[in-house]
Amino acid sequence: MAQKIQSIRGFNDVLPADSGLWQHLHDTARGVFEDYGYAEIRLPVVERTDLYKRAVGEVTDVVEKEMYAFEDRGGEHIALRPEFTAGVVRMGVEHGLFHNSQQRVWCTGPVFRYERPQAGRYRQFHQLNVEAYGINGPDVDAELIAMSARLWKKLGFTGLRLEINSLGQAEARARYRAALIEFLERHESSLDEDSRRRLHANPLRVLDSKVPTTQAIVADAPSILDYLDADSAAHFDGLRQGLSDLGVDHVVNPRLVRGLDYYTKGVFEWITTELGAQGTICAGGRYDTLVEQLGGGPTPAVGWASGVERLILLLQAKAAELPASGPALVVCSLGEAAQREAARLAETLRDRFPGAGVQLSVGGGKLPAQFKRADRSGARYALVLGEAEIAARQVQVKSLRDAAFPQETCSWAELPARLESLLSR
Ligand code: ATP
Ligand code: MG
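Residues numbered from 1 in each chain as written. Chains lettered and ligands numbered in written order. Predicted model: local features only at pLDDT ≥ 70, side-chain atom pairs only at ≥ 80, totals over all residues. Heavy atoms only, no water.

### Quick notes on the site of ligand 1
Consideration 1: Near ligand 1, the surroundings consist of 15 residues, among which Arg113, Glu115, Arg121, Arg258 and Thr280 are the closest.
Consideration 2: One of the side-chain N or O atoms of arginine 113 is found 2.8 Å from an oxygen atom in ligand 1.
Consideration 3: Arginine 121 is positioned with one of its side-chain polar atoms (N or O) 2.9 Å from an oxygen atom of ligand 1.
Consideration 4: When ligand 1 is considered free in solution it has 580 Å² of accessible area, and contact with the protein chains removes 92% of it.
Consideration 5: Those elements that place two or more of their residues in the shell around ligand 1 are strand S6 (124–133), strand S10 (280–286) and strand S11 (301–307). (Near = heavy atom within 4 Å. Polar contact = N/O pair within 3.5 Å; in protein donor to acceptor, adjacent residues only side chain to side chain. Areas by Shrake-Rupley, 256 points an atom, 1.4 Å probe, with all protein chains shown as cover. Helix = DSSP H or I, 4+ residues; strand = E, 2+ residues; numbered from the N terminus.)

Here it is, written out as C-alpha cells:
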C-alpha cells in the first residue's frame, strides 16, 4: 500500500457527522445578522502582507510570530489572512464604501495563525466577523454586543460573562502606557520572560498574561480607566448605559486588552468557563483610526470576531438538544426493477418535500442491511419497494425511530399525504 498523506498540524477537517452543527451555527448566525440589517461580504483569503503589518501592527504576536506570509511565484509578498478587519477596511477604501455612508457588514470563513495547536486553538480556524463603519457610537457598539448576546441565546449558550473596558484614544493611551511601564519596571525581576520582553515593546499586553505570578503583579497595576480622555470616558459611560438599556449584563475589567494594535475606546470579550484556557469565544471593540491609517477618510468603526471552533465545542457539549440532521426518508428496494422505480420515487419525493432530505438506498443488498444503513443516516422513515409493491402500486412505510410504529402499506396515490402527516409530527 502507498504511504498515507496526513493533514497539516493545526488544520482540521469537518466530517459528515459534524457538518450539521456547523450548518446550524451558520444558519443561526446569518439569521441574527440579517435581523439587525447587516449585509454579507466575501473577501479573498490572501492579501498583501503590508496590509496586516500596517493594520494589525508590526510588533503584535499575530504579525510577528503567527502570520503565514510568503512570496508568490511573481515575487509579491502576500499572507493568508490572520483576521478579517484589515481586509474589510481595504475593501471599503478600495470601493469607496465609506464616503458619507454607514456600512453594517458581516463575513465568515477561515483565518490562519501559526500558533501552538491545542483544544480550541488551531492554525486554520474560522471566525464570524461583524463590523459597523461610519457611526460614532456608542449606540452602535451596544447594538453589536446585543447582537452577539442574541446569537448566544439562540444557540442555547448560558453562563457567559461579558467583560468590557476602554483603551482610550492615542494620547490618553500613551500617558497610560508610560505609567504602566514605570510600574512594571519596578517589578521587572519578578515578571515572566515573555512579559519582560513585552514590557517596552507592547506593555499593555502584559496585563493579559496567563502566568499566575505576573497576574498577581498586574493586579496592582494602574487602571487605564483613570487615564481616559473625556471623549472616551463619555463613550464608555454611554456604552454601559446602552448595554443596561438592552438588558445585556456586563462587568468592567480594566485589565482587558486586545492583541491587535488598532483598537481605541471600548473593547470587550465574551468568556465561557467551559473551555478551559481557551475561554474567549468572541472579542471586539472600536478602531476609529484604522480606515485613515489604511488610506481612507476619517471613518469611525467598531466590530467583533468570534471563534467558530470554540462555538462548535460549546454546541457539541449540548448536541443532544439540537435538531436532528440527515435525511428524513430513505427509499429502499429489492430487485433491479424495484431499484429503478425507487430512484424515480425518490426524485418525485424531493419535488414534493424540498428540504426534507430523501436518500436513495443504493448498492443493493438484503433489506435488513439496507435498514441498518438507513438507520445510521439518521433518517426517520424507510420506504420499501419490492416486486410485489410495484405490481400493486404500493410502498411499505417503516419507522426507523419508533419501534411501536406498525409497518404500513400505502398506495402510491396516497403516499404524499401520508408522508406529509408523518413528517409534520
Ligand atoms: P486568544 O487570546 O485566544 O489568542 P485573540 O485575542 O488572539 O485570542 P482575536 O484575534 O480577537 O483573538 O480573535 C477573535 C476570536 O477568534 C477569539 O476570541 C477566539 O474565539 C478565536 N480565536 C483566536 N485565535 C484562535 C485560534 N488559534 N484557534 C481557534 N480560535 C481562535
Ligand atoms: Mg491570539
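### What about the nonpolar core?
Consideration 1: If you look at the biggest cluster of nonpolar residues, it comprises 47 residues, and the most contacted ones within it are Tyr52, Val88, Tyr133 and Leu184.
Consideration 2: Elements with a minimum of two residues in this core: helix H2 (49–56), helix H3 (61–66), helix H4 (85–94), strand S5 (103–112), S6, helix H6 (170–186), helix H8 (212–218) and helix H10 (290–293).
Consideration 3: Here this core gets five residues from one element, more than from any other, and that element is H6.
Consideration 4: Apart from residues lying up to four places away in sequence, valine 88 is in contact with Ile41, Leu43, Phe98, Val105, Cys107, Asn129, Glu131 and Tyr133.
Consideration 5: Judged by nonpolar contacts, the second largest core, of 41 residues, contains Ala29, Val32, Val130 and Val248. (Core = buried A, V, L, I, M, F, W, Y, C linked by side-chain atoms within 4.5 Å. Buried < 20%, exposed > 50% of the residue type's maximum accessible area, 1.4 Å probe, protein only. Contact = heavy atoms within 4.5 Å.)

### Some details on the pairing of strand S15 (residues 394–399)
Consideration 1: Direction of pairing for strand S14 (residues 381–385) relative to S15: antiparallel, over a ladder of four bridges. Paired with leucine 383 across the strands is valine 397, a residue of S15. (Pairing = 2+ DSSP bridges.)

### What to know about helix H5 (residues 139–155)
Consideration 1: Taking 1.5 Å per residue as the helical rise, H5 with its 17 residues ought to reach 24 Å, and the 24 Å between its terminal C-alpha atoms agrees with that figure.
Consideration 2: With respect to burial, H5 is a largely interior element, twelve of its 17 residues being buried.
Consideration 3: By the burial criterion, the buried members of H5 are Val140, Asp141, Ala142, Glu143, Leu144, Ile145, Ala146, Met147, Ser148, Leu151, Trp152 and Leu155.
Consideration 4: One or two positions beyond H5, positive phi appears at glycine 156, with a value near 85 degrees. (Expected span 1.5 Å × (residues − 1).)

### Thoughts on the sheet that holds strand S3 (residues 69–71)
Consideration 1: With respect to topology, three strands assemble into an open sheet ordered S2-S4-S3, the strand pairing being antiparallel. If you trace the sheet from one side to the other, it starts and ends with strand S2 (46–48) and S3, each paired once. With strand direction ignored, the average angle separating the axes of adjacent strands in the sheet is 35 degrees.
Consideration 2: Where S3 meets strand S4 (residues 77–80), three bridges bridge the pair, whose relative direction is antiparallel. In the strand pairing of S4, phenylalanine 70 is matched with isoleucine 78.
Consideration 3: In the packing of H2 onto the sheet, the strands contacted are S2, S3 and S4, and the crossing angle to S2 comes to about 75 degrees. (Axes fitted to C-alpha atoms, helices over the stretch in contact; angles between N-to-C directions.)

### Notes on the packing of H6 against helix H7 (residues 193–201)
Consideration 1: Two elements in contact, H6 and H7, have axes whose closest approach is 10 Å; the angle formed by their N-to-C orientations is 145 degrees. Regarding H6 and H7, the two cross each other, and that crossing is left-handed. Residues Arg177, Ile181, Leu184 and Glu185 of H6 form the contact with H7, whose own contacting residues are Leu199, His200 and Ala201.
Consideration 2: In the contact of H6 with H7, the residues fall into four nonpolar, one polar and two charged. (Left-handed = near helix turned anticlockwise from the far one by under 90°. Nonpolar A, V, L, I, M, F, W, Y, C, P; charged D, E, K, R; others polar.)

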